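Residue-level structural notes
So the chains spell out like this:
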Protein chains: 2
Amino acid sequence: MEEAIFRSFEDLQPKEILQGFWAQAIHTPGNTINFINVKAGHSFPLHQHIHHQCAFVLEGEFEMTINGETQVLSPGKFVVIPGNVPHSGRAITDCRLLDIFNPVREDYK
Amino acid sequence: MEEAIFRSFEDLQPKEILQGFWAQAIHTPGNTINFINVKAGHSFPLHQHIHHQCAFVLEGEFEMTINGETQVLSPGKFVVIPGNVPHSGRAITDCRLLDIFNPVREDYK
């Protein structure tokens, strides 16, 4: 089947990938693009993966610890995480996040 | 030189990639992630490229014509454009756009 070019977020079923993290994922041939809504106070534990990741905070404040360094991210900041670098995070406020993974996160399909 | 993990949009020099389109590009090993501010009324002409592209309207309304079909995009909608598919666009209001290209747009470096 030919895939639709014009799409709506309404048609993307949100999936709770971790407690409090509701994700809408778009898988392309090369990437996974993940829009995530998180409620304040929820966190994800230290982990790592082979995928290169860029993470943006579209709304709110989100604290990230990467390779032992901690910073609070807001819409003016972002992170570029090479593959296999350990990272964790915590929502200080309600947040809307954007993660871009390369290659595709097969585990999110 | 090891590249910084924590970064700021303030440190990304905006570049006018087309009249009225001011872009801040992030190049990763696999992708170009392009945040673009456009003033209402500016447009980009029909063109195509080998890169797979996902385009999001983070703020405002942006009209796109892809493969002959025209729709108005707002933050609830997005487009997935395979490589070599012709597309054009026009800012109906002031907009903030996000384009994700795979592979890297060497011409944007």
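Residues numbered from 1 in each chain as written. Chains lettered and ligands numbered in written order. Predicted model: local features only at pLDDT ≥ 70, side-chain atom pairs only at ≥ 80, totals over all residues.

Looking at the sheet that holds strand E2 (residues 15-18) of chain A
Heads up, the rule is: Strand pairing follows a simple DSSP-based rule, namely that at least 2 bridges must link the two strands. Runs of E in the DSSP output that reach at least two residues are strands. Runs of H or I that reach at least four are helices, and both are numbered from the N terminus. Here the axes come from fitting lines to C-alpha atoms, over the contacting stretch only for helices, and the angles between their N-to-C directions go from 0 to 180 degrees.
Reading across the sheet, the 7 strands line up as E2(A)-E3(A)-E4(A)-E11(A)-E6(A)-E9(A)-E1(B) and stay open at both edges, with antiparallel pairing between neighbours. Strand pairing shows two members of the sheet lacking a second neighbour, E2 of chain A together with strand E1 (6-8) of chain B, which therefore form its edges. Looking at each pair of strands side by side, their axes are set apart by 30 degrees on average, direction ignored. The pairing of strand E4 (residues 32-38) of chain A with strand E11 (residues 95-102) of chain A spans 7 bridges and is antiparallel.

What about the interface of chain A and chain B?
How we decide: For the purpose of contact definition, each residue receives a C-beta atom placed from its backbone, and two residues are in contact when these atoms lie within 7 Å.
Facing 28 residues of chain A, the contacting portion of chain B comprises 28 residues. The biggest single contributor to the side of chain A that touches chain B is strand E9 (residues 77-81) of chain A, with 5 residues. Where E9 of chain A and E1 of chain B come together, 3 bridges link them in antiparallel fashion. Each residue of the ladder has a partner; that of Phe78 of chain A, found in E1 of chain B, is Arg7 of chain B.

Overview of the environment of Ile26 of chain A
In plain terms, the rule: Neighbour density around each residue's C-beta defines its exposure: 20 or more other C-beta atoms within 10 Å make it buried, 12 or fewer make it exposed, and counts between make it partly exposed, where C-beta atoms are placed from the backbone.
Among the structural elements, Ile26 of chain A can be located in strand E3 (residues 21-27). Using a count of 18 C-beta atoms within 10 Å as the deciding quantity, one classes Ile26 of chain A as partly exposed. As a C-alpha pair, Ile26 of chain A and Pro75 of chain A span 49 residues in sequence and 21 Å in three-dimensional space. Those residues in contact with Ile26 of chain A that lie beyond four places of it in its chain are Ile33 of chain A together with Cys54 of chain B.

Considering the relation of the copies chain A and chain B
Under the convention used in this document: Here the copies are superposed with least squares, the fitted atoms being C-alpha atoms of residues at a pLDDT of at least 70 in both.
By a simple turn and slide, chain A fits onto chain B: the slide is 0.0 Å along the axis, the RMSD is 0.0 Å, and the turn is 180 degrees. Both chain copies can therefore be described as sitting about a two-fold axis.

As for unusual backbone geometry
Leave glycine aside and you will find that most residues have negative phi; peptide bonds, for their part, are mostly trans. Going from Asn102 of chain A to Pro103 of chain A, the amide bond is cis rather than trans, its omega being 0 degrees. Relative to the assigned elements, Pro103 of chain A resides in the segment after E11. Phi at Asn84 of chain B is positive, roughly 65 degrees, even though this residue is not glycine.

A short note on the pairing of E2 of chain A
In regular strands, side chains alternate between the two faces of the sheet. Residue and element names in this part refer to chain A. With 3 bridges connecting them, E2 and E3 associate as antiparallel partners. Residue Leu18 lies in a different strand from E3, and its bridge partner there is Phe21. The turn joining E2 and E3, which pair antiparallel and follow one another in sequence, is formed by 2 residues; a positive phi near 90 degrees is taken by Gly20.

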